[in-house]
Amino acid sequence: MLQDLTSATQGEGCIHVLVDNPQQVTFLEEFARENILRWSVFLKLDTGYHRAGISCDEAGVKLATNIINSTHLELKGLYTHCGHSYNIQDSKAMKETTNQDHSTILGFLNLLSSHLKSNNSNFDVSSGLSSLSISVGSTPSMFSHDNTLKIPNIELHPGNYVFYDRQQLWTGACSSEKSIAGFVLARVIGHYDDEHRNAIMVDAGDTALTKESTPQGSMCSVLGRPDLESYRMSQEITMIRSKSEEGRVKPFPFQEFPLGSTLLLIPNHSCLAAACFEEYHVVDGKTNSVSIKSEVVEKWRPVKGWH
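Structure report, in brief. (Residues numbered from 1 in each chain as written. Predicted model: local features only at pLDDT ≥ 70, side-chain atom pairs only at ≥ 80, totals over all residues. Heavy atoms only, no water.)

### Points about empty space enclosed by the protein
Okay, step 1: In the structure shown here, the tally under the stated rule is one cavity of 30 Å³ or more.
Okay, step 2: For the largest cavity, the calculated volume is near 40 Å³.
Okay, step 3: Around the largest cavity sit Lys-44, Leu-45, Asp-46, Thr-47, Tyr-49, His-50, Arg-51, Ala-52 and His-81, which together line it. (1 Å grid on protein atoms, 1.4 Å probe; cavity = no way out; pocket = protein on both sides within 12 Å on 5 of 7 lines; lining within 4 Å. Points joined across faces, edges and corners; volume = space filled by probe spheres on them.)

This is how it looks when you write it as structure tokens:
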């Protein structure tokens, strides 16, 4: 894989390598030494999500120092992901989370600066902040990173803001379904008008939407139909019924969804749903709201796959 990255760096542009473990730094140094090259490195920090990233304490400072002192690596910047914002729906709590994210980064920079100065390092973090890229963010927190702490050279990296999805609607990152641009087109293949189901079946399931769970529950929703809900999903199908009102089951409007008709499903997580397909059908949503009648104007094939 490192050899592939080396080949890709021969053209225009630059590839940055993300690290959060001392062994990764060792691998990069050994490869760079053998191939006479220099890596541009971002250090991944854990600022509260507790998924990937090294802790913002002595361990993180030690790893950052190793990168700075290496003759084969260049510390390009710091990278964090505010992933814990995905469970937040309150705007005040979201703001507090992003402020804490920034505060943790600044605290780490100050800790790193003190360590470097005490070891007489020529790498001055305090005056060199403008040369370090500080990459933060997530889609739910995108509009809450106002940088009140004045972090220089900060950039935002919201992930699925180009599509949005059902979870972003819940978090408030987008205000309505009109802001969502990623859907799964499904066909009605079953009517079940009985006391046990009172539902329809569509031909999109795990392999089209995934079973990504979200705080708002269920697996997907039907565009333009807040009165309906998905309640059961299998590999190739999803069951959709009417939402109950005050504990009463409402009859399903079967006449509005005849067998063979189509509908648009809003996935819980558009990143995962998009990865299920080899081709995207693009419609023009500038003049009219997106619907099953929208005209396809382009087809896009995503670049995907693991190496």
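This is not the end of the story, as more comes after the structure.
### A look at the sheet that holds strand 7 (residues 184-192)
Okay, step 1: Reading across from one edge, 9-12-7-8-11-10 is the order of the six strands in this open sheet, with antiparallel pairing throughout. Pairing within the sheet leaves two strands with one partner each, and these edge strands are strand 9 (220-222) and strand 10 (228-233). Across this sheet, the average inter-strand angle for adjacent strands is 40°, counted without regard to direction.
Okay, step 2: In this sheet, strand 11 (residues 238-242) lies alongside strand 10 in antiparallel orientation, the contact comprising five bridges. Residue pairing across strands places Ser-230 opposite Ile-240, the latter belonging to strand 11. (Pairing = 2+ DSSP bridges. Helix = DSSP H or I, 4+ residues; strand = E, 2+ residues; numbered from the N terminus. Axes fitted to C-alpha atoms, helices over the stretch in contact; angles between N-to-C directions.)

### So, the layout of surface pockets
Okay, step 1: Empty space within the largest pocket amounts to approximately 1200 Å³.
Okay, step 2: In terms of lining, the largest pocket is formed by 44 residues, of which the most central are Ala-181, Gly-182, Phe-183, His-281 and Val-283.
Okay, step 3: Only strand 7, helix 7 (206-209), strand 12 (262-267), helix 8 (270-274), strand 13 (280-283) and strand 14 (296-300) provide two or more residues apiece to the lining of the largest pocket.
Okay, step 4: Class assignment of the residues belonging to the lining of the largest pocket gives a composition of 23 nonpolar, twelve polar and nine charged. (Nonpolar A, V, L, I, M, F, W, Y, C, P; charged D, E, K, R; others polar.)

### Things to note about the pairing of strand 1 (residues 16-19)
Okay, step 1: Side chains of strand 1 alternate between two faces, with Val-17 and Val-19 buried and His-16 and Leu-18 left unburied.
Okay, step 2: Relative to strand 2 (residues 39-46), strand 1 is paired through four bridges, and the arrangement is parallel. For Val-17, the partnering residue across the bridge sits in strand 2 and is Val-41.
Okay, step 3: What joins strand 1 to strand 2 is helix 2 (residues 22-35), and the crossover it makes is right-handed. (Buried < 20%, exposed > 50% of the residue type's maximum accessible area, 1.4 Å probe, protein only. Right-handed = clockwise from strand over helix to strand, strands pointing away.)

### A short note on the side chain of Thr-238
Okay, step 1: Relative to the assigned elements, Thr-238 resides in strand 11.
Okay, step 2: One polar contact links the side chain of Thr-238 to the main-chain carbonyl oxygen of Ala-204, over a distance of 2.5 Å.
Okay, step 3: Excluding residues that lie within four positions of it along the chain, Thr-238 makes contacts with Ile-200, Met-201, Val-202, Ala-204, Gly-205, Leu-209, Cys-220, Ser-230, Arg-232 and Met-233. (Polar contact = N/O pair within 3.5 Å; in protein donor to acceptor, adjacent residues only side chain to side chain. Contact = heavy atoms within 4.5 Å.)

### Concerning the packing of aromatic side chains
Okay, step 1: What the rule picks out here adds up to four aromatic pairs.
Okay, step 2: Consider the rings of Phe-31 and Trp-39, whose centres lie 6.1 Å apart with planes at 35°: the pair is tilted. The exposure classification of Phe-31 matches that of Trp-39, with both residues buried.
Okay, step 3: With a centroid separation of 5.7 Å and an interplanar angle of 50°, the aromatic rings of Phe-252 and Phe-257 are classed as tilted. For the pair formed by Phe-252 and Phe-257, the shared burial category is buried.
Okay, step 4: Here the basic side chain of Arg-241 rests over the ring of Tyr-231, its NZ or CZ set 4.2 Å away from the ring centre. (Phe/Tyr/Trp six-rings, centres within 6.5 Å; stacked < 30°, edge-to-face > 60°. Lys NZ or Arg CZ within 6 Å of the ring centre and 35° of its normal.)

### A look at the pairing of strand 8 (residues 199-202)
Okay, step 1: Residues Ala-199 and Met-201 point to one face of strand 8 and Ile-200 and Val-202 to the other, with burial holding for every one of them.
Okay, step 2: Pairing between strand 7 and strand 8: four bridges, direction antiparallel. Within strand 8, the position partnered with His-191 by the bridge is Ile-200.
Okay, step 3: Remark: six residues form the turn of the hairpin made by strand 7 and strand 8, two consecutive strands paired antiparallel; Asn-198 in that turn has positive phi of roughly 50°.
Okay, step 4: Of the strand pairs in this sheet, strand 8 and strand 11 are connected by four bridges, and their pairing is antiparallel. Across the sheet, residue Met-201 finds its bridge partner in strand 11, namely Met-239.

### Some remarks on the pattern of salt bridges
Okay, step 1: Under the counting rule described, the total for this entry stands at eight salt bridges.
Okay, step 2: Between Asp-227 and Arg-225 there is a salt bridge; the shortest N-O distance is 2.9 Å.
Okay, step 3: By relative accessible area, Asp-227 is classed as partly exposed at 26%.
Okay, step 4: A salt bridge links Arg-241 to Glu-229, with the nearest nitrogen and oxygen atoms 2.9 Å apart. A residue pair is termed long-range when its members are at least 10 positions apart, and Arg-241 in strand 11 and Glu-229 in strand 10 qualify at twelve residues.
Okay, step 5: Note on Arg-241: relative accessible area 32%, which makes it partly exposed. (Salt bridge = Lys/Arg side-chain N within 4 Å of Asp/Glu carboxyl O.)

### Digging into unusual backbone geometry
Okay, step 1: Positive phi, normally seen in glycine, also occurs at His-50, with a value near 60°.
Okay, step 2: Residue position: His-50 is located in the loop between strand 2 and strand 3 (54-55).
Okay, step 3: Residue classification places His-50 among the exposed positions, given a relative accessible area of 61%.
Okay, step 4: Even without a glycine there, the phi angle at Asn-120 is positive, about 55°.
Okay, step 5: Along the polypeptide, Asn-120 turns up in the loop between helix 4 (91-118) and helix 5 (125-128).

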